[in-house]
Every structure is written in structure tokens, then in C-alpha cells.
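Take a look at the letters that make up each chain.
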Amino acid sequence: MGIRVEGYALPTGEPFDLNIVGNVWVDENTLDLDLRVSGWIIPGLVDVHTHPGAAKPGDPIDEELLRQQLLKNMEDGVLAIRSPGLASTPPDWFGKDPQLPQSFHAGPWLAKPGQFISGWGKRVSDRDFPRVAAAQAGETGWCKIIGDWGIDDEPISPEVMLNIVAAVRAVGGRVAVHSQNTQGGSAAVRAGVDSLEHGMWLDESLLDLMRENKTALTPTLNVFESSVDHFRAKADSPKRDWYVQGCERHPELIRKAHEAGVTILAGTDSQAFTIVAEVQALARAGLSAEAAIASASWKARDFLGLASLKPGTSADALIYSQDPRQNLEILAYPEWIISRGKVMKRPQLS
Ligand SMILES: [Zn+2]
């Protein structure tokens, strides 16, 4: 009893031929097959920056909305997510329901007093930050730090950031940092955090250090592209200039980061966008189609510790009728979606 998946697998485009038994890939050919599937294969899409379940900023998780949004992710082929910040404690089924994406999360955002979105996250003093961050990462594997916030707000200092990273590493956890300012981004990169979220106004001279420390960058380009006109229309102010100029230089920063060997990851940040739209934005910023897909697929899985298309590991795949590198539009239309060995979508008979 099994499923055979054959065709061409990305990124190499080499011939692929593995079977699925239960929820894993197996490399044997003596099985009775229930189903044969063929096409261009990727190991599923991933959204590494999403905050599902809240109706609007500041609201707690609405369990029904959370389920709907995760179901939509699965229908789009998003087989895994990371939530760097959730509006409240997720229900027990989060990350466990086999109908929904595999999920990683960082609990509540951790911010300095007076910063971040009212109603969301925990406010933490500099003294308590390492302990609180380590406690969160000890529980869920990740913590999310608001490294900087408004232009007049004091960012988390380099020293506190170093202490946070040391405390979190000591419990085997990982650190994601929100940054939209040069100083906050610099403190995070110099401390060697695992991922820098947004990264606007990052000093380009830090890109080599990011590569060396394996600090990934999640630019969330759609959020900025869609909001920049709103800021452009405002009266002149330092905040307006900071936002508009930050948005305008961001795609070039992403291209340079990619060229410097920094891992670029795709994240939507908002339910208003799909991960495929973010892949397309990364391609517009100058990544090749293959690199842009990687940021939302095999590279992102690797970053989260998920194997891709390997015998003995979770059988996750999207199968397309054409090579999606030739046309990113079709990335949104997998013919088959297989998550943990279960067929979640099959071609419609016309
Ligand atoms: Zn976010």
C-alpha cells in the first residue's frame, strides 16, 4: 500500500522517484501502489513569518479564525509555518492537527516597555529579558524579540541582545528579532541571532557577518510595498521619510544580502498576502526564480529543521504540471498537495 511520486524535483530538476508509506518517503519498489503521481516536485511551501488567528492587531486569537486561516494555508500548499509572535496561547491542536500545516511558534512578542502594538506581547525590562526569552524558547523552541520599534524609541542594546542570545542558546532555543532601524538591526546581527525580521535600514556592511553567523533575513516585502503609498501621502515628517525611504531601499538590500550569501526567507506577516506573492516580490527584488522559490520552500524547511524529499522523512510535496521556475504564477496552483503522506489536494477532473 503506497503512493509513488515521480518526476523532477527542485532545486536540481533531477529525476525523482520515491514512494510514500504511511507518512514517510521510502526508497523501495516492491510495494503495492494505490496511486501514482507525477510532475515537477517541491517539498511544500513554508511561511516563516505569519501571525494567524487574530482578527485585528491587538486582538487575542480567535480559535475558529485560526483554523480557517491555517486551512487556507494548507489549500495554498503551505505545509509548514513559523509564527514569530502569536496573539495569545494557541489551542492544543495548533501544529498537531494533520489537516493543518506543521507549526512552530515563539509565543508572545517580547518588547521593551512602551514599545510594540498595544494589546499584544509581553513587556520586559532589560534586566529580565534574557530570563524571559530563555523561558519562552525553552517551551516552544523560539522567542521573538522586538529589537527596535519607533524612530524615537531606544532599541535593545547590544549588551542586552548578547545576553538574550546566550541565555536562549543555553536552553537550545532560537531567537527571531524584529528590526526596522539601523541600531536595532546592528545589535541583533552582532549578537548572532537566528533570524532578522524585516531588516529595514540594516547597515550593508553587516551582511558578511550575517552569512558567517547563519542569521537569516525575512524581509516581508509585500507588507512594505502595500503600505508605502499610504505613508507617501502623509505630510513631511521624520517618520514618513524613515518609512518611505526604508521601503524604497529594501529590495536592493535584499538583493545584496542574497548576493552576499545570506539566507533569505519568505514570510507574509499579514493574512492579506499569500506566500506566492512574497516569492514574486523576492524575484522582483532581484533573486532568481529558483532562489525565490527556495526562500519559501527547501531553504525555509532546512532553516526550521525539516527534511525535504528524503527517504525516512516526512512525505511532504507539491506536484506541478510544469516547472514552477519557468513561471512563478503557477507556484500558486499545485496539482497535488501531499502533507505528511496524506493527499490534501488532487487534480480536478474536467
Ligand atoms: Zn510580524
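Definitions and cut-offs
Residues numbered from 1 in each chain as written. Predicted model: local features only at pLDDT ≥ 70, side-chain atom pairs only at ≥ 80, totals over all residues. Heavy atoms only, no water. Buried < 20%, exposed > 50% of the residue type's maximum accessible area, 1.4 Å probe, protein only. Helix = DSSP H or I, 4+ residues; strand = E, 2+ residues; numbered from the N terminus. Pairing = 2+ DSSP bridges. Axes fitted to C-alpha atoms, helices over the stretch in contact; angles between N-to-C directions. Donors = N, O, S within 2.8 Å, 3.2 Å for Na, K, Ca; no water. Patch = residues over 30% accessible without salt bridge, like charges linked within 9 Å, V, L, I, M, F, W, Y side chains within 5 Å. Areas by Shrake-Rupley, 256 points an atom, 1.4 Å probe, with all protein chains shown as cover. Salt bridge = Lys/Arg side-chain N within 4 Å of Asp/Glu carboxyl O. Lys, Arg positive; Asp, Glu negative; His and termini not counted. Charge placed at Lys NZ, Arg CZ, Asp CG, Glu CD. Contact = heavy atoms within 4.5 Å. Core = buried A, V, L, I, M, F, W, Y, C linked by side-chain atoms within 4.5 Å. Domains from an automatic or database assignment. Phe/Tyr/Trp six-rings, centres within 6.5 Å; stacked < 30°, edge-to-face > 60°. Lys NZ or Arg CZ within 6 Å of the ring centre and 35° of its normal. Parallel < 35°, antiparallel > 145°, perpendicular 65-115°, else oblique. Nonpolar A, V, L, I, M, F, W, Y, C, P; charged D, E, K, R; others polar.

Before going further, it helps to examine the pairing of strand S1 (residues 3-9). The buried fraction of S1 is high, at five of seven residues. Pairing analysis gives seven bridges linking S1 to strand S2 (residues 14-21), with the strands arranged antiparallel. Residue Ala-9 lies in a different strand from S2, and its bridge partner there is Glu-14. As consecutive antiparallel partners, S1 and S2 are separated by four residues, and within that stretch Gly-13 has a phi angle of approximately 75°, a positive value.

As summarised here, the arrangement of the seven strands in space is S3-S2-S1-S4-S14-S15-S16, forming an open sheet in which the pairing is mixed. The sheet terminates laterally at strand S3 (24-26) and strand S16 (342-345), the two strands that pair on one side only. Averaged over all pairs of adjacent strands, the angle between their axes in this sheet comes to 40°, without regard to strand direction.

This part covers the coordination of the zinc ion. With distances of 2.0 to 2.1 Å, the protein atoms coordinating the zinc ion are His-49 (NE2), His-51 (NE2) and Asp-269 (OD). When the donor residues of the zinc ion are listed from N- to C-terminus, their spacing reads H-x1-H-x217-D. Placement of the pair is His-51 in the loop between strand S5 (45-47) and helix H1 (63-75) and Asp-269 in the loop between helix H7 (238-259) and helix H8 (275-285), with a sequence separation of 218 residues. Classification of His-51 by relative accessible area gives buried; the value is 13%.

A few words on a negative patch on the surface. Together, Asp-62, Glu-63, Glu-64 and Asp-92 line one region of the surface with negative charge. Its place among the elements puts Glu-63 in helix H1.

This paragraph deals with the environment of Leu-35. Among the secondary structure elements, Leu-35 is positioned in strand S4 (residues 35-42). Placed 53 residues apart in sequence, Leu-35 and Ser-88 show a C-alpha to C-alpha distance of 41 Å. For Leu-35, the residues in contact, after removing those within four places along its chain, are Gly-2, Ile-3, Arg-4, Trp-336, Val-343 and Arg-346.

Attention shifts here to the nonpolar core. Ranked by size, the top nonpolar core spans 75 residues in total, and within it Leu-45, Ile-145, Met-161 and Ile-164 carry the most contacts. The greatest single-element share of this core, amounting to six residues, is contributed by H8. A domain split of this core shows at least three residues from each of domain 1 (3-43 + 308-345) and domain 2 (45-304). Apart from the residues lying within four places of it in its own chain, the contact partners of Ile-164 are Phe-129, Pro-130, Ala-133, Ile-145 and Ile-156. Counting 16 residues, the second largest nonpolar core, distinct from the first, contains Val-5, Trp-25, Val-37 and Ile-319.

With parallel pairing, the three strands of this open sheet are ordered in space as S5-S6-S7. The open sheet terminates on both sides in strands that have one partner only, identified here as S5 and strand S7 (102-105). In this sheet, adjacent strand axes meet at a mean angle of 15° when their direction is disregarded.

This part takes up the environment of Leu-318. Here Leu-318 shows up in strand S14 (residues 317-320). In this structure the C-alpha to C-alpha distance between Leu-318 and Ile-338, which are 20 residues apart in sequence, comes to 6.3 Å. Not counting residues up to four positions away in its chain, the partners in contact with Leu-318 are Trp-40, Ile-41, Ile-42, Gly-44, Leu-45, Gly-77, Leu-79, Pro-334, Trp-336 and Ile-337.

On to the pattern of salt bridges, then. All told, the structure shown has 25 salt bridges when counted by the stated rule. In this structure, Asp-241 engages Arg-240 in a salt bridge whose closest nitrogen and oxygen atoms are separated by 3.4 Å.

Summed over the entire model, instances satisfying the criterion amount to nine aromatic pairs. Measuring from centroid to centroid gives 5.0 Å for Tyr-8 and Trp-40, while their planes differ by 35°, and the two rings are tilted. With Tyr-8 in strand S1 and Trp-40 in strand S4, this pair connects stretches of sequence that are 32 residues apart. Classification of Tyr-8 by relative accessible area gives partly exposed; the value is 40%. Both rings, one in Trp-109 and one in Phe-116, keep their centres 5.2 Å apart while their planes meet at 45°; by these two values the pair is tilted. Above the plane of the ring of Trp-93 lies Arg-67, whose end atom (NZ or CZ) is 4.2 Å from the centre. Here the basic side chain of Arg-82 rests over the ring of Trp-142, its NZ or CZ set 4.7 Å away from the ring centre.

At a closest axis distance of 9 Å, the pairing of helix H6 (residues 221-232) and H8 adopts a crossing angle of 80°. With respect to H8, the axis of H6 lies roughly perpendicular. Contact residues: H6 offers Leu-221, Asn-222 and Glu-225, while H8 offers Ala-277, Glu-278, Ala-281, Leu-282, Arg-284 and Ala-285. Looking at the contact of H6 with H8 residue by residue, the classes come out as five nonpolar, one polar and three charged.

What follows concerns the pairing of S16. Looking along a regular strand, one sees side chains alternate from face to face of the sheet. Pairing of strand S15 (residues 336-339) with S16 involves three bridges; the strand directions are antiparallel. Across the sheet, Ile-338 pairs through a bridge with Val-343, a residue of S16.

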